[in-house]
Protein chains: 2
Amino acid sequence: MLAQRLIDALGADAVKMQPEDLAVYSFDAYTDGSAPSAVVLPASTNDVSAVVKIARECGEPIVPRGAGTGLCGGAVPIEGGIVISFARMNRILELDAARRRARVQPGVVNLGVSTAAAPFGLFYAPDPSSQKTSTIGGNVATNAGGPHCLSYGTTVNHVLGLEVVDEHGEVFKTSIDRPGYDLTAALVGSEGTLGIVTSAWIRLMKAPEAVRVWLATFPDVESASDAVSSIIAAGIVPTALEMMDAVMARAVEAAFHAGYPTDAGAVLLVEHAGFEDDMDAYEREIERIAKEHGATTWRAARSQAERDALWAGRKGAAGAMGRISPNYYLQDVCVRRSTLPKALHAVEEIAREYKLTVANVFHAGDGNLHPMLCYDKSNPKEVQAVVESGNAILETAIALGGTISGEHGIGYEKRDGMTRVYSTNDLATMARVRDVFDPQRRLNPEKLFPTGAQCAEVKPIV
Amino acid sequence: MLAQRLIDALGADAVKMQPEDLAVYSFDAYTDGSAPSAVVLPASTNDVSAVVKIARECGEPIVPRGAGTGLCGGAVPIEGGIVISFARMNRILELDAARRRARVQPGVVNLGVSTAAAPFGLFYAPDPSSQKTSTIGGNVATNAGGPHCLSYGTTVNHVLGLEVVDEHGEVFKTSIDRPGYDLTAALVGSEGTLGIVTSAWIRLMKAPEAVRVWLATFPDVESASDAVSSIIAAGIVPTALEMMDAVMARAVEAAFHAGYPTDAGAVLLVEHAGFEDDMDAYEREIERIAKEHGATTWRAARSQAERDALWAGRKGAAGAMGRISPNYYLQDVCVRRSTLPKALHAVEEIAREYKLTVANVFHAGDGNLHPMLCYDKSNPKEVQAVVESGNAILETAIALGGTISGEHGIGYEKRDGMTRVYSTNDLATMARVRDVFDPQRRLNPEKLFPTGAQCAEVKPIV
């Protein structure tokens, strides 16, 4: 019945119902998963509308899915339902170089936008480490960040308007250029719980004239963290300020031979972009600050190839973990820059307590930590230890005045953590906003909101 | 009864009920007005909560008010109710120079933030022409712009989080730094219809090392508009690109002796900021483009005094209108930069048709027109002609693919125009969002939403 209706609407080749197909769509990059009732591959906004209407009539939840690289289970169907894959809605619909904007379908791969914009001297700024794979739709759902968000902001700062299919299958549009309520920002980061994004106007930026990349090593993460704070206090906001601890740097070097020193306590990658004329002055100042804080080595990439090599190490950090552990769990929390060393010490202690190896790679400029805990999925004790350590790291971030997600979203994994950073009244307000868009809780249910804080269960505040 | 309850809660000196007091709060800078039931001057968030609770129990609407400089009647009590003046909540609560942010009460005057931040080398970027008077609360309510928004964005880009009193008198908080729905952007520009902002975290920016201001005159607005488009097409986004037509330039020169040539068809004021080392190159390029497009004169301000004089003319444009007309009506619409000359011609024709003098001053870089129509309030025929021309200008902007407000908000004046830029479904979605926060429509009623599009009257889309 469901199958036939979907096939009638979209055609047989756009509907997947075989167990082996469903199995593929049961997981994203989070540990848990479960199978959907059906998977559809719409080719247009009309197709998406039709699917949402059928889902509504059949009482099926909807789970939108980009590339499935999300780490928090946001694209996992927890209660079955229809997974909408945007693999076929992967076109750049318009690229308006004069107005520096593009309209793209949700399935467009992040890096594809910059590739298409490059001939016009433009690029799309948000660059999650998954950018070769992850899609604009998924980036919008999670308000994705990336190393360059230090200077350019996260996805929400680059979305100009959205076309959205609502819970009834009707289309509505938002735009930051029009008066009235600006719902664009509320939709970015809403993880598919308010509507299904079917196209997005995104901002393109002028490619900088000059880009430089430097690498400094430090005896320990404290001195490297102090250097990070001092660079920003000096009024320089580099386009990226990325740090790795010793464990991570050694794993990366073993995997990529990026030229990272393997005996350092911390490796700091700094990138800055702007006018060529300014670059020597920036280089001198950043080098001076790094050495003042005890940098033991200092390198400036002198060619595009050297820049790419330094970045390849950073961007491949997650991949390099395969060399030191069968599995890893990546946590994503934020603290103030000034409390970075404290947070890193706490993470180290947590790992020691649970007898796990931890490697750290993180957006130091943003105070956005990404501890990776090594474990073996086939060892249930280690799985348990990893889940508990992940929670302990969340608690640590909250205790330091930080928050439970930097850029990966909340999804299924962290939803109960929302009660730690929002008051009951704040969550009730959000739940009522969700009610406006999705009173029946069929759009990506079991995500973002804590268990028990779904609107029906929130008491009115009268 | 209402009076006594308000006095019990806030003290007698914080409650105004005399007809002469109420008369003062009957108007903002829009033409129409009507008297409130009471005016209160809270000193704290708790005071605001108390007032909202009393208003709720007494069935009184709430109208928040900053400095009353709004042009669209947003602060006017249309159906009576309690006006909350933020004149006493005018403190900067925190200024965190290291993190470049400040927490301010809504009654803080816009320019006061930059004054307080200046010793730290910081400033608050949004700068409406009313900045010496208008408040952060009013700026947040209308998502205020200003000349420098071309480069820095509008108020929404500078608000990091809000403390809000909801319709029940309860406090909730929003933050762009936390996961979950980002409601900050929806609240900015909501004109008091979603809640009463009682404090705001705002972004401070590093003051630029160098600022230059140039003035070019052109034979007509077409050639000046072409120069504007060419500057931006060349990859330069100046911090401001302001234009005046001949009528406006002459009025300003007569009032301020700013040194504006009085025989030009159009005057273009260009400001750019950045590093001193880059400024000569920018100056050469902008001058070259201006002359290429027929600039007849070119001046570079060579001192702070000269820069201030050129800006004083622009910022005092509205005041200068007093020299050529007893009253003026200022319209605020946006079109694409490329259609600016078309829009200006249409405005000219509308003025001719209604036998009104029009002077134009506008944010040319943003395509944000501000035609000022001269009239005499004591002549009912002219009043009627001005209202009709204002609507005709709105229609022109819409016909050119533009929109009905650039930075002044919708308020009471333009609410029916919302149906021209939003679909019924879009407005219904907004109305349902409003329902979340204000189901009884007591928070600034009769504003922002078109007559008849209040939620109760919007049919469900089932």
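Definitions and cut-offs
- Residues numbered from 1 in each chain as written.
- Chains lettered and ligands numbered in written order.
- Predicted model: local features only at pLDDT ≥ 70, side-chain atom pairs only at ≥ 80, totals over all residues.
- Heavy atoms only, no water.
- Helix = DSSP H or I, 4+ residues; strand = E, 2+ residues; numbered from the N terminus.
- Rg over C-alpha atoms; globule rule 2.2 N^0.38 Å.
- Buried < 20%, exposed > 50% of the residue type's maximum accessible area, 1.4 Å probe, protein only.
- Contact = heavy atoms within 4.5 Å.
- Areas by Shrake-Rupley, 256 points an atom, 1.4 Å probe, with all protein chains shown as cover.
- Lys, Arg positive; Asp, Glu negative; His and termini not counted.
- Charge placed at Lys NZ, Arg CZ, Asp CG, Glu CD.
- Pairing = 2+ DSSP bridges.
- Polar contact = N/O pair within 3.5 Å; in protein donor to acceptor, adjacent residues only side chain to side chain.
- Phe/Tyr/Trp six-rings, centres within 6.5 Å; stacked < 30°, edge-to-face > 60°.
- Lys NZ or Arg CZ within 6 Å of the ring centre and 35° of its normal.
- Least-squares fit on C-alpha atoms with pLDDT ≥ 70 in both.
- Axes fitted to C-alpha atoms, helices over the stretch in contact; angles between N-to-C directions.
- Buried area = accessible area lost by both parts, 1.4 Å probe.
- Salt bridge = Lys/Arg side-chain N within 4 Å of Asp/Glu carboxyl O.
- Nonpolar A, V, L, I, M, F, W, Y, C, P; charged D, E, K, R; others polar.
- Domains from an automatic or database assignment.
- Expected span 1.5 Å × (residues − 1).
- Left-handed = near helix turned anticlockwise from the far one by under 90°.

## Side note on the overall build of chain A
Now for step 1: Along chain A, the regular secondary structure elements total 16 helices and 20 strands.
Now for step 2: For 462 residues, the compact-globule formula gives about 23 Å, and the C-alpha radius of gyration of chain A, at 22 Å, lands near that figure.
Now for step 3: Overall, chain A is about 65 × 55 × 50 Å in size when its C-alpha atoms are taken along their principal axes.
Now for step 4: Out of the 462 residues belonging to chain A, those deemed buried represent 57%.
Now for step 5: Residue pairs in contact within chain A that sit at least 24 positions apart in sequence constitute 71% of those at least 6 positions apart.
Now for step 6: Total accessible area on chain A is roughly 17,200 Å²; 51% of this is exposed by carbon and sulfur atoms.
Now for step 7: Once the 43 positive and 56 negative side-chain charges of chain A are each reduced to a mean point, those two points are 2 Å apart.

## Focus on the pairing of strand 9 (residues 171-175) of chain A
Now for step 1: Sheet analysis places strand 8 (residues 159-165) of chain A next to strand 9 of chain A, joined by five bridges and oriented antiparallel. Along strand 9 of chain A, the bridge assignment pairs Val164(A) with Phe172(A).

## Some remarks on the side chain of Gln131(A)
Residues and elements named next belong to chain A.
Now for step 1: Mapped onto the fold, glutamine 131 is located in the loop between strand 7 (122-123) and helix 5 (136-142).
Now for step 2: The class for glutamine 131 is buried, based on a relative accessible area of 11%.
Now for step 3: Only 2.6 Å separates the side chain of glutamine 131 from the side chain of lysine 315, close enough to count as a polar contact.
Now for step 4: Excluding residues within four positions of it along the chain, glutamine 131 makes contact with Val109, Asn110, Leu111 and Lys315.

## Considering the packing of aromatic side chains
Now for step 1: Throughout the structure, instances matching the rule amount to twelve aromatic pairs over all chains.
Now for step 2: Both rings, one in Phe123(A) and one in Tyr152(A), keep their centres 5.6 Å apart while their planes meet at 65 degrees; by these two values the pair is edge-to-face. Of this pair, Phe123(A) sits in strand 7 while Tyr152(A) sits in helix 6 (residues 149-152); the two residues are 29 residues apart in sequence, bridging distant segments of the chain.
Now for step 3: The exposure class assigned to Tyr152(A) is buried, which follows from its relative accessible area of 18%.
Now for step 4: Taken together, a centroid distance of 6.3 Å and an interplanar angle of 20 degrees make the contact between Trp214(B) and Trp298(B) stacked. With a gap of 84 residues between them, Trp214(B) in strand 12 (residues 210-218) and Trp298(B) in strand 15 (residues 297-300) connect regions that are remote in the sequence.
Now for step 5: Under the relative-accessibility criterion, Trp214(B) is labelled buried at 0%.
Now for step 6: Classification of Trp298(B) as buried rests on a relative accessible area of 16%.
Now for step 7: Of note, Lys315(A) hangs over the ring of Trp311(A), and the distance from its end group to the ring centre comes to 5.8 Å.

## Description of the relation of the copies chain A and chain B
Now for step 1: Screw-axis analysis of chain A against chain B gives a translation of 0.0 Å along the axis, an RMSD of 0.0 Å, and a rotation angle of 180 degrees. In the structure described here, the two chain copies are related by an operation that fits a two-fold rotation axis.

## Topic: the sheet that holds strand 1 (residues 15-16) of chain B
All names here are of chain B.
Now for step 1: Spatially, the four strands line up as an open sheet ordered 1-2-4-3, and their pairing is mixed. Both outer strands of the open sheet, strand 1 and strand 3 (62-65), are each paired with one neighbouring strand and no more.
Now for step 2: Judged from the four bridges that link them, strand 3 and strand 4 (residues 82-85) form a sheet pairing that is parallel. Bridging across to strand 4, proline 64 finds its partner in isoleucine 84.
Now for step 3: Taken strand by strand, helix 1 (residues 2-10) contacts strand 1, strand 2 (38-40) and strand 4, and its axis lies near 5 degrees from that of strand 2.
Now for step 4: Packing of helix 3 (residues 45-58) onto the sheet brings it into contact with strand 2, strand 3 and strand 4, and relative to strand 4 it is tilted by some 175 degrees.

## Let's talk about the sheet that holds strand 6 (residues 101-104) of chain B
Residue and element names in this part refer to chain B.
Now for step 1: Here five strands make up an open sheet; going across it, the order is 5-6-10-8-9 and the pairing antiparallel. At either margin of the open sheet sits one strand with a lone partner, and together these are strand 5 (92-96) and strand 9 (171-175). This sheet shows a mean twist of 10 degrees between the axes of neighbouring strands, independent of strand direction.
Now for step 2: Of the strands in this sheet, strand 8 (159-165), strand 9 and strand 10 (196-203) touch helix 3, which is tilted by about 45 degrees from strand 8.

## Digging into the interface of chain A and chain B
Now for step 1: With 51 residues of chain A at the contact, the number on the chain B side is 52 residues.
Now for step 2: Across the chain A to chain B interface the summed buried area is about 4,300 Å²; carbon plus sulfur atoms make up 56%.
Now for step 3: Its largest share of buried area at the contact with chain B, chain A owes to Pro179(A), Tyr181(A) and Val436(A), together 18% of the area lost on that side.
Now for step 4: Inspection of the chain A/chain B interface yields zero salt bridges.
Now for step 5: Between chain A and chain B we count twelve residue pairs in polar contact (both at pLDDT 80 or more) in total.
Now for step 6: The set of elements that each furnish at least two residues to the side of chain A that touches chain B consists of strand 9, helix 7 (184-187), helix 10 (276-292), helix 15 (418-421) and helix 16 (424-437) of chain A.
Now for step 7: By residue number, the principal contributor to the side of chain A that touches chain B is helix 16 of chain A, which donates nine residues.
Now for step 8: Taken together, the residues of the side of chain A that touches chain B break down into 26 nonpolar, ten polar and 15 charged.

## Some details on the domain arrangement of chain A
A common way to express how large an interface is: the accessible area buried when the components associate.
Now for step 1: The domain boundaries assigned to chain A delineate domain 1 (2-85), domain 2 (92-206), domain 3 (210-318), domain 4 (325-399) and domain 5 (415-453).
Now for step 2: The C-alpha centroid of domain 5 of chain A is placed 26 Å from the C-alpha centroid of domain 4 of chain A.

## Side note on helix 9 (residues 246-256) of chain B
For an α-helix, 3.6 residues make a turn, and residues three or four places apart therefore share a direction.
All names here are of chain B.
Now for step 1: Along helix 9, the positions that sit buried rather than exposed are Ala246, Met248, Ala249, Ala251, Val252 and Glu253.
Now for step 2: The elements touched by buried residues of helix 9 are strand 13 (240-245), strand 14 (266-274), helix 11 (304-315), helix 12 (317-320), strand 18 (358-363) and strand 20 (371-375).
Now for step 3: Histidine 257 lies just past helix 9 and shows a positive phi near 50 degrees.

## Regarding the pattern of salt bridges
Residue and element names in this part refer to chain A.
Now for step 1: Following the criterion strictly, the structure yields 39 salt bridges over all chains and no others.
Now for step 2: A salt bridge links glutamate 57 to arginine 5, with the shortest nitrogen-to-oxygen separation between them at 2.6 Å. Taken together, the residues span a long stretch of sequence, with glutamate 57 in helix 3 (residues 45-58) and arginine 5 in helix 1 (residues 2-10) at a distance of 52 residues.
Now for step 3: The exposure class of glutamate 57 is exposed, given its relative accessible area of 56%.
Now for step 4: We classify arginine 5 as partly exposed; its relative accessible area is 28%.
Now for step 5: The shortest N-O distance in the salt bridge between arginine 352 and glutamate 348 comes to 3.7 Å. Placement of the pair is arginine 352 and glutamate 348 together in helix 13 (residues 340-353), with a separation of four residues, close to one helical turn.
Now for step 6: Ionic contacts of the salt-bridge type, sharing partners, join the residues Arg212, Glu276, Asp280, Glu283 and Arg302 into one network.

## What to know about the environment of Trp311(A)
Residue and element names in this part refer to chain A.
Now for step 1: Its place among the elements puts tryptophan 311 in helix 11 (residues 304-315).
Now for step 2: You can call tryptophan 311 buried: its relative accessible area is 10%.
Now for step 3: For the pair tryptophan 311 and valine 270, spaced 41 residues apart in sequence, the C-alpha to C-alpha distance is 9.8 Å.
Now for step 4: Residues in contact with tryptophan 311, not counting those within four places in the same chain, are Pro147, His148, Val213, Ala240, Glu242, Leu269 and Glu271.

## Let's talk about unusual backbone geometry
Now for step 1: In the Ramachandran plot, Glu191(A) falls in the positive-phi region, its phi being about 55 degrees despite a non-glycine side chain.
Now for step 2: On the secondary structure map, Glu191(A) appears in the loop between helix 7 and strand 10 (196-203).
Now for step 3: Despite not being glycine, Glu446(B) has its phi angle at roughly 65 degrees, a positive value.
Now for step 4: Structurally, Glu446(B) is set in the segment after helix 16 (424-437).
Now for step 5: Accessibility expressed as a relative area gives 21% for Glu446(B), which makes it partly exposed.

## Regarding helix 3 of chain B
All names here are of chain B.
Now for step 1: With 14 residues, helix 3 should cover 20 Å at 1.5 Å per step; its first-to-last C-alpha distance of 20 Å lies within 8% of that length.
Now for step 2: Along helix 3, the residues classified as buried are Thr45, Asp47, Val48, Ser49, Val51, Val52, Ile54 and Ala55.
Now for step 3: Backbone geometry just after helix 3 places glycine 59 at a positive phi near 70 degrees.

## Structural notes on the packing of helix 8 (residues 221-233) of chain A against helix 10 of chain A
Residue and element names in this part refer to chain A.
Now for step 1: Where helix 8 meets helix 10, the axes come as close as 9 Å, and the angle between the chain directions of the two elements is 145 degrees. Handedness of the crossing formed by helix 8 with helix 10: right-handed. Residues Ala227, Ser230 and Ile231 of helix 8 pack against Ile286, Ile289 and Ala290 of helix 10.
Now for step 2: Here the contact of helix 8 with helix 10 is composed, by residue class, of five nonpolar, one polar and no charged.

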